[in-house]
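Descriptive structure summary
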Amino acid sequence: MKYAENILDTIGNTPLVKLNRLTSDLPCVVLAKYETFNPGNSVKDRMALQMIEDAEASGVLQPGGTIIEATSGNTGMGLALAATVKGYKLICVISDKQSKEKIDILRAMGSEVHVCPTDVEPSDPRSYYSTAKRLAKEVPNSWYVNQYDNPSNSKAHFLTTGPEIWEQTDGKITHFVVGVGTGGTISGVGRFLKSKNSNIKIWGVDTYGSVFKKYHETGVFDPNEIYPYSTEGIGEDILPKNVDFDIIDGFTKVTDKDAAVYTQRLAKEEAMFLGNSAGAAIKGVLQLKEHFKKDDLVVVLFHDHGSRYVGKMFNDDWMREKGFLD
Ligand code: PMP
């Protein structure tokens with residue numbers, strides 16, 4: 001017999017899938033690390049489990065305790081899987097920009113969800129960062145995960161995602177391209193790959209309205225870079241400790257429109273039904289064309305599944321309203 005002891009044992013070991021149409025103008029092969037095969041349908045299952053297990057080991061998370069997190073949905077899903085299997089309560093604090101599907105899914109998985117306004121400063125008491133911190137003080141026997149600054153986030157990718165990509169490509173990978181939010185994925189994978197071969201280039205995909213690209217290029221945190229945007233999962237108005245700017249070779253910014261259009265194109269042209277940050281990531285790869293040569297091997301990571309975006313990028317009324325359809 002061959003079976004997993006519980007759902008957490010099925011996290012990781014996701015496939016690497018070649019892109020065949022969208023990348024036909026590039027001189028090299030592009031492979032996608034296809035993270036929707038995780039049980040929570042996103043890469044975030046990996047870091048959620050790692051953060052909980054490290055918190056158990058250090059004693060900050062006690063039996064029967066409550067896990068509190070500010071999450072755009074995918075981390076919440078990963079935390080919900082681990083909380084249920086391990087017997088913890090979960091409270092997720094989410095911003096009102098996130099899709100209704102993500103909120104409904106978290107509630108379906110047994111999490112309490114608090115929805116907060118998006119367009120306020122992170123320091124505003126109504127922001128989702130502040131609300132999560134306040135709840136962590138008020139709720140007894142609780143632990144605030146803080147995926148932005150929690151080192152177990154990037155550690156999960158150093159221990160699992162990075163080694164998987166290295167082995168699946170027989171060490172032939174030359175470029176890794178990925179959307180950046182908390183920075184856990186790019187930093188953990190990037191650190192591992194560079195520890196194997198320091199010539200591998202690590203590219204972050206950022207969005208207009210986020211501070212990363214300018215900060216990486218100038219060392220200046222420029223508040224003028226910050227404004228509302230519709231792309232989900234990537235870009236920040238803060239500098240999370242998990243973004244290791246030293247291992248990142250560069251950032252490319254993708255517009256909201258391109259991220260949405262390429263999310264649709266992945267579904268229609270590659271049969272890859274994926275989330276909005278996958279559209280941004282593949283457009284980012286295409287924008288980096290001049291950096292690739294014939295024998296390069298590019299790996300792009302796709303974070304989550306399309307089902308969470310059916311009311312948005314996969315809905316032409318929404319696309320029209322946003323001015324994303326020509
Ligand atoms: N895409 C999606 C859909 C996400 O949920 C996240 C996490 N915010 C990211 C990309 C970025 O990943 P990371 O936080 O590891 O930088």
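Residues numbered from 1 in each chain as written. Predicted model: local features only at pLDDT ≥ 70, side-chain atom pairs only at ≥ 80, totals over all residues.

A few points about the pairing of strand 9 (residues 250-254)
Which entries qualify depends on this criterion: A pair of strands counts as paired when DSSP detects no fewer than two bridges linking them. Counting from the N terminus, the helices are DSSP H or I runs at least four residues long and the strands are E runs at least two residues long. Crossovers are described as right-handed under a simple rule: with the strands pointing away from the observer, the path leading from the first strand over the helix to the second runs clockwise.
Here five bridges tie strand 8 (residues 201-207) to strand 9, and the two strands are oriented parallel to one another. Bridge pairing in strand 9 places glycine 204 opposite phenylalanine 251. Taken together, strand 8, helix 7 (residues 212-218) and strand 9 constitute a β-α-β crossover, and its handedness is right-handed.

Quick look at the pairing of strand 8
For clarity, the threshold we go by: Exposed residues have 12 or fewer other C-beta atoms within 10 Å of their own C-beta, buried residues have 20 or more, and partly exposed residues fall in between, where C-beta atoms are placed from the backbone.
Counted residue by residue, strand 8 has seven buried out of seven residues, so it is predominantly covered. Both strand 7 (residues 175-179) and strand 8 contribute to a ladder of five bridges, which runs parallel. Residue histidine 175 lies in a different strand from strand 8, and its bridge partner there is lysine 201. This β-α-β element, strand 7 to helix 6 (residues 184-196) to strand 8, shows right-handed connectivity.

What to know about the site of the ligand
The condition is simple: By convention here, the C-beta atom is placed from the backbone, and a residue is near a molecule or strand when that atom is within 6 Å of it. Each domain's limits were defined by an automated method or a database of domain assignments.
With respect to spatial proximity, 18 residues lie near the ligand, and among them Gly181, Thr182, Thr185, Gly233 and Ser277 are the closest. Considering every element that reaches the shell around the ligand, the biggest residue donor is helix 6, with three residues. Residues lining the shell around the ligand come from more than one domain, with at least three contributed by each of domain 1 (7-37 + 151-321) and domain 2 (44-144).

Let's talk about the nonpolar core
Basically, it comes down to this: Put simply, a nonpolar core is buried Ala, Val, Leu, Ile, Met, Phe, Trp, Tyr and Cys residues tied into one set by C-beta atoms within 7 Å. Distance between backbone-placed C-beta atoms decides contact: two residues are in contact if it is within 7 Å.
Within the largest apolar cluster, 49 residues are counted, with the highest numbers of intra-cluster contacts made by Phe176, Val177, Val178, Leu193, Ala281 and Val300. Setting aside residues no more than four positions away along its own chain, valine 177 makes contact with Trp203, Val205, Ala281, Gly284, Val285, Leu288, Val298 and Val300. Listed in part, the 36 residues of the second largest apolar core include Ala48, Ile68, Leu106 and Val145.

Remarks on the sheet that holds strand 1 (residues 16-18)
As a reminder of what qualifies: Between the N-to-C directions of two axes lies an angle of 0 to 180 degrees, each axis being a line fitted to C-alpha atoms and, for a helix, fitted only over the stretch in contact.
With respect to topology, six strands assemble into an open sheet ordered 1-2-10-7-8-9, the strand pairing being mixed. Two strands lie at the open edges of the sheet, namely strand 1 and strand 9, each paired on one side alone. Averaged over all adjacent pairs, the angle separating strand axes in this sheet is 25 degrees, with direction ignored. Judged from the three bridges that link them, strand 1 and strand 2 (residues 29-34) form a sheet pairing that is antiparallel. Paired with valine 17 across the bridge in strand 2 is alanine 32. Packing of helix 6 onto the sheet brings it into contact with strand 7, strand 8 and strand 10 (297-302), and relative to strand 7 it is tilted by some 170 degrees.

Quick notes on helix 8 (residues 256-270)
What counts is decided by this rule: Working rule for helices: expected span equals 1.5 Å times residues minus one.
End to end, helix 8 covers 21 Å across 15 residues, agreeing with the expected 21 Å (1.5 Å per residue, within 8%). Buried within helix 8 we find Asp256, Asp258, Ala259, Ala260, Tyr262, Thr263 and Leu266. Here the buried face of helix 8 lies against strand 8, strand 9, helix 9 (276-287) and helix 10 (316-321). Two residues or fewer past helix 8, alanine 271 is found with a positive phi of approximately 60 degrees.

Here we look at unusual backbone geometry
Its identity as a non-glycine residue notwithstanding, asparagine 13 has a phi of 50 degrees, on the positive side. Summarising the element assignment, asparagine 13 is placed in the segment before strand 1. A positive phi angle, close to 50 degrees, is found at asparagine 141, a residue other than glycine. Along the chain, the position of asparagine 141 falls in the loop between helix 4 (128-138) and strand 6 (142-144).

Quick word on the sheet that holds strand 6
Strands sit in the order 5-4-3-6 across an open sheet of four strands; the sheet is parallel. Where the open sheet ends on each side, the last strands, each with one partner, are strand 5 (112-116) and strand 6. Adjacent strand axes in the sheet meet at a mean angle of 20 degrees, parallel and antiparallel pairs treated alike. Sheet topology note: the strand 3 (residues 66-70)/strand 6 ladder contains three bridges and is parallel. Note on strand 6: the bridge partner recorded for isoleucine 67 is tryptophan 143.

Notes on the domain arrangement of the protein
Under the domain assignment, the protein is made up of domain 1 (7-37 + 151-321) and domain 2 (44-144). The interface is formed by 25 residues belonging to domain 1 together with 21 residues belonging to domain 2. If one sorts the elements of the side of domain 1 that touches domain 2 by residue count, helix 5 (residues 151-168) sits on top with seven residues.

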